[in-house]
Amino acid sequence: MTSETLVALFHSAPSMHEFSCADSIIRYKVFECSSSTTNDLVMKGMLTADADDCDIISVSIGSDTGYHNSLMSMVADRIGQDRTIVIAAGNSGETGVFYASSPASGRQAIAVGSTNSKQVLGWPATLQSSSGDVLDLVYVTVDGSKLNDSVNTQVTVGASDSCNYGASGNNDEALLLPRGICYGQGYNTLSTSGFGYVIMWDTYDQGFYYPTEEFSPSEDIHLWAVTNSSVGTWAIDQISRGYALNLTITEDADTAVFQSDRPNSGEMSYFSSWGPTFENDFSPSISAPGGAVYGCFPGNEFAISSGTSFSTPYIAGVAALFYAHVKKDHVEFSQRLHTTATSLVTSPNGKNVMGIASLAQQGAGMVDAVKLLGYSTVVTSDSKISLNDTDNRISTHRVTLVNNGAIEVTYNISHESAVTIEARDQWWYPNTYYPPVIAGASGSILAPDSITIGPGATGDIDVTFAPPDNVLNSTFGPLWSGKVLFGGDNGELVSVPYMGVEVSTYNWTPLEGAPLAFRYDNVDGYLYP
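Small disclaimer: the values here were computed from a predicted structure and weren't measured. (Residues numbered from 1 in each chain as written. Predicted model: local features only at pLDDT ≥ 70, side-chain atom pairs only at ≥ 80, totals over all residues. Heavy atoms only, no water.)

### Overview of the sheet that holds strand E21 (residues 396-403)
What the four strands build is an open sheet, ordered E19-E21-E27-E25; its pairing is antiparallel. Each having just a single partner strand, strand E19 (377-379) and strand E25 (444-446) make up the two edges of the open sheet. Along the sheet, successive strands turn relative to each other by an average axial angle of 35°, direction set aside. (Pairing = 2+ DSSP bridges. Helix = DSSP H or I, 4+ residues; strand = E, 2+ residues; numbered from the N terminus. Axes fitted to C-alpha atoms, helices over the stretch in contact; angles between N-to-C directions.)

And the structure:
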């Protein structure tokens, strides 16, 4: 088993209102000295945490076996009946739909997907011109780390871009130059340029972001970073007028966080694994920041990294807040988690928003801790609904709301549809990222327009789901999803997410993770399911 790398588990203090990390976090080692482990060790870790009566179990590990009745998923499911167990959904998003993982496919487990960070972690620096002008700038490094040193050095402004720079400098000098678009050799010429500090200003709208281009590390380069394009404009103007530049960096400077200008910031990470499970269960459950986030790193360090391994402990942390400040109730936490989440849009090409992202990608949506902890409205019925396939469809479901507030609340009932996607191609293989979107295909609901619930009272609403009209005869396995919305006149909006697939999965055999049957065509040389 490979993929994520850590199992971390939480145990409650005597009083959760006196929560102390020092005596409340237990770690269980399930890896030896290699990058992979085995199912039995993972199960042993989960079962030991369960036996130790941990309240919240966070598991950032998994294998691409998306059955809820796989052994690891069944263990997670059984544990989840007694306590909160949060598991990474997986990092196989490029593989496409129907690629859930185990143990995250356990029905009582909370499978966590990843969203891209909306913010970028930068660090401050200053350019001083001999003209007397000063420019404060922000630089971004590959892994988000700052330069742990104070610098006051002269600056050379490069005439060529970072792919073709041929001049050399001294190790105690800085090079400021335009960022190129390099292929093959990447930035190898910069690693041997002799300059100790290399800062590129952004060009060609590549984005002011963590530089991920190929760069040959060198012990002689103390700083390798990107800055905003406006820095280059200012520097060129100063140099053209005959002035010299100096770079100053302060060792103890605070961070300079700013909003990301990258496409898809705040949306689902491309690597986040898609559901549903192989039995058509709702998956993933929820999403949280895990794309280019700043956090703990091996070697007692902090750095920028990505993966559902990072979004999973985020949800575990929200669970700890809920236990400490609301109540120690794993069932209600799960209900609130799913029904207060915020829907995310999708723009796969980074430009055009296509609509609400499929819930097979985002789950119930982005966690909203403020609503989760503060709402008086609670959905006590199923907090996420699986409509299964056409063979096993139950179209009508009862939603139960509890008004824990002090006043009567009227809830208007409406529907939000996510994009409907083609789950399989013409050969019946699951579509890879990004699956084709079926234009104008939206499911619908039949439900009352509103319901009024008194303080401390409960209300039941029967909701009937109907698939999009224009996909009923499709052979591409339309996967449709959305939410039933309950907007209260107390300002609270809760929702119940759902998903279903318009195909018979009994007759659809070639799902990854099961024995596959192929037919070889000796004429065209292809394997067919």
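What follows continues from the structure just given.
### Description of the nonpolar core
One finds Leu-127, Tyr-139, Leu-176, Tyr-210, Leu-223, Leu-247 and Ile-249 to be the most contacted residues of the largest nonpolar core, which totals 41 residues. Those elements that place two or more of their residues in this core are strand E6 (119-129), strand E7 (134-141), strand E8 (151-157), strand E9 (174-178), strand E10 (197-201), strand E11 (223-227), helix H4 (229-240) and strand E12 (245-249). The contacts of Leu-247, once residues within four sequence positions are left out, are Ala-125, Thr-126, Leu-127, Gln-128, Val-151, Asn-152, Thr-153, Val-155, Ala-174 and Ile-199. (Core = buried A, V, L, I, M, F, W, Y, C linked by side-chain atoms within 4.5 Å. Buried < 20%, exposed > 50% of the residue type's maximum accessible area, 1.4 Å probe, protein only. Contact = heavy atoms within 4.5 Å.)

### Details of helix H1 (residues 39-51)
With 13 residues, H1 should reach 18 Å at 1.5 Å per residue; the first-to-last C-alpha distance of 18 Å fits that figure. Those residues of H1 that sit buried are Val-42, Met-43, Gly-45, Met-46 and Ala-49. Down the axis of H1, the buried side of the element spans an arc of 155°, and every buried residue falls inside it. Looking at H1, the residues exposed on the side facing more than 90 degrees away from the buried face are Lys-44 and Ala-51. (Expected span 1.5 Å × (residues − 1). Arc of directions from axis to C-beta.)

### Examining the pairing of strand E13 (residues 256-259)
Moving residue by residue along a regular strand, the side chains alternate between the two faces of the sheet. Residues Ala-256 and Phe-258 line the buried face of E13, whereas the alternating positions Val-257 and Gln-259 sit on a face that is not buried. Examined bridge by bridge, E6 and E13 share four bridges and lie antiparallel to one another. Paired with Gly-122 across the bridge in E13 is Ala-256.

### Some remarks on a negative patch on the surface
Taken together, Asp-149, Glu-251, Asp-252 and Asp-254 make up a surface patch of like negative charges. Its relative accessible area of 63% is what places Asp-254 among the exposed residues. (Patch = residues over 30% accessible without salt bridge, like charges linked within 9 Å, V, L, I, M, F, W, Y side chains within 5 Å. Areas by Shrake-Rupley, 256 points an atom, 1.4 Å probe, with all protein chains shown as cover. Salt bridge = Lys/Arg side-chain N within 4 Å of Asp/Glu carboxyl O. Lys, Arg positive; Asp, Glu negative; His and termini not counted. Charge placed at Lys NZ, Arg CZ, Asp CG, Glu CD.)

### Quick notes on the pairing of E21
Taken across its eight residues, E21 has six buried, putting it largely inside the fold. Pairing geometry for E19 and E21, over three bridges, is antiparallel. Looking at E21, one finds that Val-379 is bridged to Leu-401. Both E21 and strand E27 (residues 458-466) contribute to a ladder of seven bridges, which runs antiparallel. Bridge pairing links Thr-396 to Thr-464 in E27.

### Some remarks on the pattern of salt bridges
In total, this model carries twelve salt bridges according to the counting rule given. For Arg-398, the salt bridge goes to Asp-462, with nearest N and O atoms at 2.8 Å. Remark: Asp-462 occurs in strand E27 and Arg-398 occurs in strand E21; sequence separation between them is 64 residues. Judged by relative accessible area, which is 38%, Asp-462 ranks as partly exposed.

### Concerning the side chain of Thr-420
Along the polypeptide, Thr-420 turns up in strand E23 (residues 420-422). Accessibility expressed as a relative area gives 1% for Thr-420, which makes it buried. When neighbours within four sequence positions are excluded, Thr-420 is seen to be in contact with Pro-436, Val-437, Ile-438, Ala-441, Ser-442, Pro-468, Pro-478, Leu-479 and Trp-480.

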